[in-house]
2 protein chains.
Amino acid sequence: MAKSRNMPTMLDVAREAGVALGTVSKVVNHQPVGEEFRQKVEKAIDRLGYQYNSSGKALRTDSTNTIALIIPNTVHPFFALLANYITMALDKRHYRTLLCFTDYDVNREMEMIQLVRNNRVDGIIGLTYNPALEIPDDIPFVTIDRFFSESIPCIASDNFEGGRLAARKLYELGCRKMAFMRVGSTLVNEPAKRRDGFVSACVELGASFEVFAISDGTPDTAFDDFIDQHIIGGHFAFDGLFCGTDTVAYRSIRHLKALGIRVPEDVQVIGFDGIRMFGNQDLICSTIVQPVQEIAETCVSTVLSKHMSTLPSLICLPVHYAKGGTTRDCLEEIIEEEEKK
Amino acid sequence: MAKSRNMPTMLDVAREAGVALGTVSKVVNHQPVGEEFRQKVEKAIDRLGYQYNSSGKALRTDSTNTIALIIPNTVHPFFALLANYITMALDKRHYRTLLCFTDYDVNREMEMIQLVRNNRVDGIIGLTYNPALEIPDDIPFVTIDRFFSESIPCIASDNFEGGRLAARKLYELGCRKMAFMRVGSTLVNEPAKRRDGFVSACVELGASFEVFAISDGTPDTAFDDFIDQHIIGGHFAFDGLFCGTDTVAYRSIRHLKALGIRVPEDVQVIGFDGIRMFGNQDLICSTIVQPVQEIAETCVSTVLSKHMSTLPSLICLPVHYAKGGTTRDCLEEIIEEEEKK
DNA sequence: GCACCGGTGTGAATCGTTTCACGAAACAAG
DNA sequence: CTTGTTTCGTGAAACGATTCACACCGGTGC
């Protein structure tokens, strides 16, 4: 393909420099070589314009310095950020990212694993949805947000604690009638624990709560309908709403506002993820922030670790709450500031 | 690395099937082979669990079925969308994406080109910022938003027409005192034409206009300052604001609102890009929408085209206006709806 | 002077695929 | 039956790097 102009190889360099092939290899790979020889080789490399060819090394060593990242897409900001930090973390270690999209398609998840396997990637980081996905056991595999087995490391946020955090924060801000809404009722994965944490904290606090979940593929209007059904005499039946993701929170807030219900005055809303405008500006709502960068860093260090079997199989990373304008803590700030004047 | 368990090769398959190596290759590559032989080979592949190894092919053919995508990051939604659609377009053609980030760093742009060159990618799609970047001429290279030379295809939106469109739309909606704000005053690239188009249309229409540009690296507060300086007696000096990107529009709108200036009642704002919440939901502002998917598709078909030299060197794709709540056309809609009731 | 050793340059063998000249077989035309 | 033609299986020769047994050499210890 790009073989139009015959490129010089290590052997050409060796001849040009008057040294052996192995010596050139050592120079290129920064292995100990006498200063005199190093000079000769480097000069020859410059003269010939030699370009290292990774294909030869890949064949010989069966390692490509490449990690496959399998995610649904990079349309959703959470995936985009994940891809961003994972790629940066890999780059720091001189690894490359092979980007593969599944588009949430169970079959494509399988195909992609097959594909990158043929490409002899050195490892796979996968955020997948098929609970029965067959994970190859002869190649390092790390999953995000889904636990498969003891032998496959799973990296996730502390979803349970995130749920508890949301409930406690809403309670602290005065909410007593809570609701939880999320997508993906049928999936048993780590993010599902957001609900469990929320419920457990509500019970502890003695706050009433209701859980509403829709399955994947259900029209988004289901959330609107749920909200509509809980409008009683122009008022919303809940004063605290915890949403499984910021996306759900955003849509709910929009619908609530369209109904004339004020956020955060009438109902306070907390989302989950920590999505920001344009990836790095304002939060979209008050939310439980996932430590995306740490998740990425952990995925990378885990997948590259040579001793994978000795690693814990589920790593939960700490989340935190951040106020983003849909809870009363923002109002108070403004009030305090005004009082000072 | 993953060579722990010795994997069967085509030769092993050939022996198992009792055929020649070349025959196995033909079966694997879907070349014409007698039905009887095909069966034998396929059975042997199943029995041995043979896995195709791309490294061998890469070395032999010097082609990897991989295209490198060099962009600053995937934090900004525009880049994230670009990466998304390019990867999907490549996937459709059975090519893989090697994802490389420059973080806007001129040195990293060079390093990445060197890196993917060593990896023998079949082509490069690059969105870069160094005007003096050396583009290799022995590997298909397509750039986005920056024209280098006749021999290097550049794919971009019709930025000039986008600028005109914005001016005309603002004028049509009643604006007569316009302003244009953007980042990147020193760069001479395709997006800079947004200003040129805007200015040309303002002149044609006889609307007054002012241009404000800050260079990369200037604190974002520069826009706030510009706005502050044009507040006269509590009123904003302009009634129409066109921003070089949706990001600038977003920040400006936020600052204007903080000053008590209403959008779109007091000043109408149009951005550029067509960024949506969570990548695919509401627009952030009224905006000139870039056809990201077509840009991606064009990049891919161009970089994979074997006859690159016969292609036009600058391809401009059509943009369109979309209302997003920061122009009066949205208000009218609401008014009309209310009148109907 | 001899044995030993650490350091370092050498080059043949190897990784798994593609490719292509060759030959065998099958068939049509004369 | 011969000759020409087409189809298709065969297997040796690359592709460019890594690796490692080996050789060479200067230094050290006895």
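Computed from a predicted model, the values in this text were never measured in an experiment. (Residues numbered from 1 in each chain as written. Chains lettered and ligands numbered in written order. Predicted model: local features only at pLDDT ≥ 70, side-chain atom pairs only at ≥ 80, totals over all residues. Heavy atoms only, no water.)

Comments concerning the environment of glutamate 210 of chain A
Residues and elements named next belong to chain A. One can find glutamate 210 in strand S7 (residues 208–214). A residue is classified by how much of its surface remains accessible, and glutamate 210, at 35% relative accessible area, is partly exposed. Along the chain, glutamate 210 and methionine 178 lie 32 residues apart, while their C-alpha atoms are 6.5 Å from each other. Ignoring sequence-local partners within four residues, the contact set of glutamate 210 consists of Met178, Ala179, Phe180, Phe226, His230 and Phe238. (Helix = DSSP H or I, 4+ residues; strand = E, 2+ residues; numbered from the N terminus. Buried < 20%, exposed > 50% of the residue type's maximum accessible area, 1.4 Å probe, protein only. Contact = heavy atoms within 4.5 Å.)

Some thoughts on the packing of helix H1 (residues 10–17) of chain A against helix H3 (residues 35–48) of chain A
Residue and element names in this part refer to chain A. Two numbers describe how H1 lies on H3: the axes approach to 8 Å, and their chain directions differ by 115 degrees. By crossing handedness, the relation of H1 to H3 is classed as right-handed. Counted together, Asp12, Val13, Glu16 and Ala17 of H1 and Lys40, Val41, Ala44, Ile45, Arg47 and Leu48 of H3 form the full contact between these two elements. Its residues assigned to classes, the contact of H1 with H3 comprises 6 nonpolar, no polar and 4 charged. (Axes fitted to C-alpha atoms, helices over the stretch in contact; angles between N-to-C directions. Left-handed = near helix turned anticlockwise from the far one by under 90°. Nonpolar A, V, L, I, M, F, W, Y, C, P; charged D, E, K, R; others polar.)

Brief notes about the relation of the copies chain A and chain B
For the match of chain A to chain B, the screw axis carries a shift of 0.0 Å, the RMSD comes to 0.0 Å, and the turn is 180 degrees. Interpreted geometrically, this transformation is the action of a two-fold axis. No C-alpha of chain A approaches the rotation axis more nearly than that of leucine 98 of chain A, which lies at 2.5 Å. (Least-squares fit on C-alpha atoms with pLDDT ≥ 70 in both.)

Side note on the sheet that holds strand S10 (residues 240–243) of chain B
Picture the strands of a sheet paired through backbone hydrogen bonds; they go either parallel or antiparallel. All names here are of chain B. Judged by pairing direction, the sheet is mixed, and its 6 strands sit side by side in the order S7-S6-S10-S11-S12-S14 without closing on themselves. This sheet does not close on itself; its edge strands, each paired only once, are strand S7 (208–214) and strand S14 (320–322). Looking at each pair of strands side by side, their axes are set apart by 25 degrees on average, direction ignored. Examined bridge by bridge, strand S6 (residues 177–183) and S7 share 7 bridges and lie parallel to one another. In the sheet register, alanine 179 faces S7, and the bridge partner there is glutamate 210. Relative to the sheet, helix H9 (residues 221–229) contacts S6 and S7, its axis offset from that of S7 by approximately 150 degrees. (Pairing = 2+ DSSP bridges.)

Notes on the protein's contact with DNA strand D
The full set close to DNA strand D counts 24 residues, and Tyr50 and Arg60 of chain A together with Ala20, Thr23 and Gly34 of chain B are the nearest of them. Here a phosphate oxygen of DNA strand D sits 2.6 Å away from a polar atom, N or O, in the side chain of tyrosine 50 of chain A. One of the backbone N or O atoms of glycine 56 of chain A is found 3.3 Å from a base nitrogen in DNA strand D. Listing elements by their share of the surface near DNA strand D, those giving two or more residues are helix H2 (21–28) and helix H4 (54–61) of chain A together with helix H2 (21–28) and helix H4 (54–61) of chain B. If you tally residues by element for the surface near DNA strand D, the top one is H4 of chain A, at 4 residues. Here the residues of the surface near DNA strand D are counted per class, giving 10 nonpolar, 10 polar and 4 charged. (Near = heavy atom within 4 Å. Polar contact = N/O pair within 3.5 Å; in protein donor to acceptor, adjacent residues only side chain to side chain.)

Thoughts on the interface of chain A and chain B
Taken together, the contacts link 59 residues of chain A with 59 residues of chain B. Interface area, chain A with chain B, both sides summed: about 5700 Å², of which 53% is carbon and sulfur. Scanning the region where chain A abuts chain B turns up 4 salt bridges. One can count 20 residue pairs in polar contact (both at pLDDT 80 or more) joining chain A with chain B. Looking at the side of chain A that touches chain B, the elements with two or more residues in it are H4, helix H5 (77–92), strand S2 (96–101), helix H6 (106–118) and helix H10 (246–258) of chain A. Residue composition of the side of chain A that touches chain B, grouped by class: 22 nonpolar, 21 polar and 16 charged. With 3 bridges joining them, S2 of chain A and strand S2 (residues 96–101) of chain B adopt antiparallel strand pairing. (Buried area = accessible area lost by both parts, 1.4 Å probe. Salt bridge = Lys/Arg side-chain N within 4 Å of Asp/Glu carboxyl O.)

Some details on the nonpolar core
Residues Ile86, Ile125 and Leu256 of chain A together with Ile86 and Ile125 of chain B are the most contacted members of the largest nonpolar core, which totals 89 residues. Among residues more than four places away in sequence, those in contact with isoleucine 86 of chain B are Leu69, Ile125, Ile144, Ala296 and Val300 of chain B. Membership of the second largest hydrophobic core comes to 22 residues, among which are Ile214, Ile227, Phe238 and Leu256 of chain B. (Core = buried A, V, L, I, M, F, W, Y, C linked by side-chain atoms within 4.5 Å.)

Thoughts on the protein's contact with DNA strand C
Around DNA strand C, 24 residues are found, and the nearest of them are Ala20 and Thr23 of chain A together with Tyr50, Tyr52 and Arg60 of chain B. The protein-proximal atoms of DNA strand C, defined as those within 4 Å of the protein, are 71% sugar or phosphate. Arginine 60 of chain A has a polar side-chain atom sitting 3.1 Å from a base oxygen of DNA strand C. Methionine 10 of chain B has a polar backbone atom sitting 2.7 Å from a phosphate oxygen of DNA strand C. When residues of the surface near DNA strand C are traced back to their parent elements, those giving at least two are H2 and H4 of chain A together with H2 and H4 of chain B. Across the surface near DNA strand C, the residue classes break down as 11 nonpolar, 9 polar and 4 charged.

Let's talk about the pattern of salt bridges
Scanning the entire structure with this criterion turns up 30 salt bridges over all chains. Close ionic contact of glutamate 297 of chain B with lysine 92 of chain B constitutes a salt bridge, the shortest N to O distance being 3.4 Å. Here the residue glutamate 297 of chain B occupies a position in helix H11 (residues 292–304), and lysine 92 of chain B occupies one in helix H5 (residues 77–92), the gap between them amounting to 205 residues. Relative accessible area serves as the criterion here: at 56%, lysine 92 of chain B is assigned to the exposed category. Linked through salt bridges whose partners overlap, the residues forming this network are Glu161, Arg164, Arg168 and Glu204 of chain A.

Notes on the pairing of strand S3 (residues 123–126) of chain A
All names here are of chain A. Residues of S3 alternate between two faces, with Gly123 and Ile125 on one and Ile124 and Gly126 on the opposite face, all of them buried. In terms of strand pairing, strand S1 (residues 66–71) meets S3 through 4 bridges, oriented parallel. Paired with isoleucine 70 across the two strands is glycine 126, which belongs to S3. Here S3 runs beside strand S4 (residues 141–144); their pairing, made up of 3 bridges, is parallel. The partner of glycine 126 across the bridge, within S4, is threonine 143.

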